[in-house]
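Listed here are the chains, written in short residue letters.
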Amino acid sequence: QVQLVESGGGLVQPGGSLRLSCAASGSIFALYNMAWYRQAPGTQRELVATITTDGTTMDADSVEGRFTISRDNAKNTVYLQMNSLKPEDTAVYYCNAVNSVIGHAATYWGRGTQVTVSA
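This report concerns the structure included in the present document. (Residues numbered from 1 in each chain as written. Predicted model: local features only at pLDDT ≥ 70, side-chain atom pairs only at ≥ 80, totals over all residues. Heavy atoms only, no water.)

1. With respect to the packing of aromatic side chains
The final tally for this structure, using the stated rule, is two aromatic pairs. Sitting above the plane of the tryptophan 109 ring, arginine 45 keeps its charged end 4.7 Å from the centroid. (Phe/Tyr/Trp six-rings, centres within 6.5 Å; stacked < 30°, edge-to-face > 60°. Lys NZ or Arg CZ within 6 Å of the ring centre and 35° of its normal.)

2. Regarding the environment of threonine 43
Within the secondary structure, threonine 43 sits in the loop between strand S4 (32-39) and strand S5 (46-51). Separated by 48 residues in sequence, threonine 43 and alanine 91 place their C-alpha atoms 9.5 Å apart. (Helix = DSSP H or I, 4+ residues; strand = E, 2+ residues; numbered from the N terminus.)

3. Examining the side chain of threonine 77
Summarising the element assignment, threonine 77 is placed in strand S8 (residues 77-82). Classification of threonine 77 by relative accessible area gives buried; the value is 9%. For threonine 77, the side chain forms a polar contact with the main-chain oxygen of lysine 75, separated by 2.8 Å. Leaving out residues up to four positions away in the same chain, threonine 77 has contacts with Ser21, Cys22, Ala23, Phe29, Ser70, Arg71 and Asp72. (Buried < 20%, exposed > 50% of the residue type's maximum accessible area, 1.4 Å probe, protein only. Polar contact = N/O pair within 3.5 Å; in protein donor to acceptor, adjacent residues only side chain to side chain. Contact = heavy atoms within 4.5 Å.)

4. Details of the pairing of strand S10 (residues 103-109)
Sheet analysis places strand S9 (residues 91-99) next to S10, joined by four bridges and oriented antiparallel. Within S10, the residue paired with asparagine 96 across the bridge is tryptophan 109. Counted along the chain from S9 to the antiparallel partner S10, the turn is three residues long. (Pairing = 2+ DSSP bridges.)

5. Quick look at the state of the cysteines
Applying the stated criterion across every chain, the model contains one disulfide. With its sulfur 2.0 Å from that of its partner, cysteine 22 forms a disulfide with cysteine 95. On the S-S bond that ties cysteine 22 to cysteine 95, the torsion sits near -85°, and the link is left-handed. One end of the pair, cysteine 22, is in strand S3 (residues 18-25); the other, cysteine 95, is in strand S9, and 73 residues separate them in sequence. Cysteine 95 carries the same exposure label as cysteine 22, and that label is buried. (Disulfide = S-S within 2.5 Å.)

6. Focus: the sheet that holds strand S7 (residues 67-72)
Strand order in the open sheet formed by four strands is S1-S3-S8-S7, with antiparallel pairing between adjacent strands. The open sheet terminates on both sides in strands that have one partner only, identified here as strand S1 (3-7) and S7. On average, each strand axis in the sheet is inclined to that of its neighbour by 15°, with strand direction left out of account. Of the strand pairs in this sheet, S7 and S8 are connected by six bridges, and their pairing is antiparallel. Of the residues in S8, the one forming a bridge with serine 70 is tyrosine 79. (Axes fitted to C-alpha atoms, helices over the stretch in contact; angles between N-to-C directions.)

7. So, the side chain of serine 21
With respect to the element layout, serine 21 can be found in strand S3. When residues no more than four places from it in sequence are discounted, the contact partners of serine 21 are Val5, Glu6, Ser7, Trp36, Thr77, Val78 and Tyr79.

8. Re the nonpolar core
Within the largest apolar cluster, 28 residues are counted, with the highest numbers of intra-cluster contacts made by Met34, Trp36, Val78, Leu80 and Tyr93. Secondary-structure elements contributing two or more residues to this core are S3, S4, S5, S7, S8, S9 and strand S11 (113-117). Once you skip the residues sitting within four places of it in the chain, methionine 34 turns out to touch Leu4, Cys22, Phe29, Ala49, Thr50, Ile51, Ile69, Arg71, Val78, Cys95, Asn96 and Ala97. (Core = buried A, V, L, I, M, F, W, Y, C linked by side-chain atoms within 4.5 Å.)

Written out as C-alpha cells, the structure reads:
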C-alpha cells in the first residue's frame, strides 16, 4: 500500500499560480498511476488530471491549458502546477494512487490540501 500526503495549497489571487505536491511512501511509487481530484463545497469530487506509470497525462476540460500534472519517481512525488487560477478552482485537492498491477481494488487517497482563489 501507499500513503499520500499533499502540500502546497493556500490562498491565491485570481490569475495566480500554485504548485501542489503529493509525497508518497510505503510502496513502489513507480508502479502507481497517479491523479489529482478536487472537491468544492456542495459538489462531488471531480477528476482534475492523471499521469500513468509511463508518464502519459490527461487533464480535465475545466483545467486544460492551465494545470500540468507531473511526477518525479526518484522523489516519490507527483505535482500539480496550477496557473491562471480562477475562483471556481477553489476546492480541496486530493492526491490519488492506483496500483497499476492490481487495479482499482488498490486505490489510495491523501487527506487533501485546500486551495482558495479569491481577490
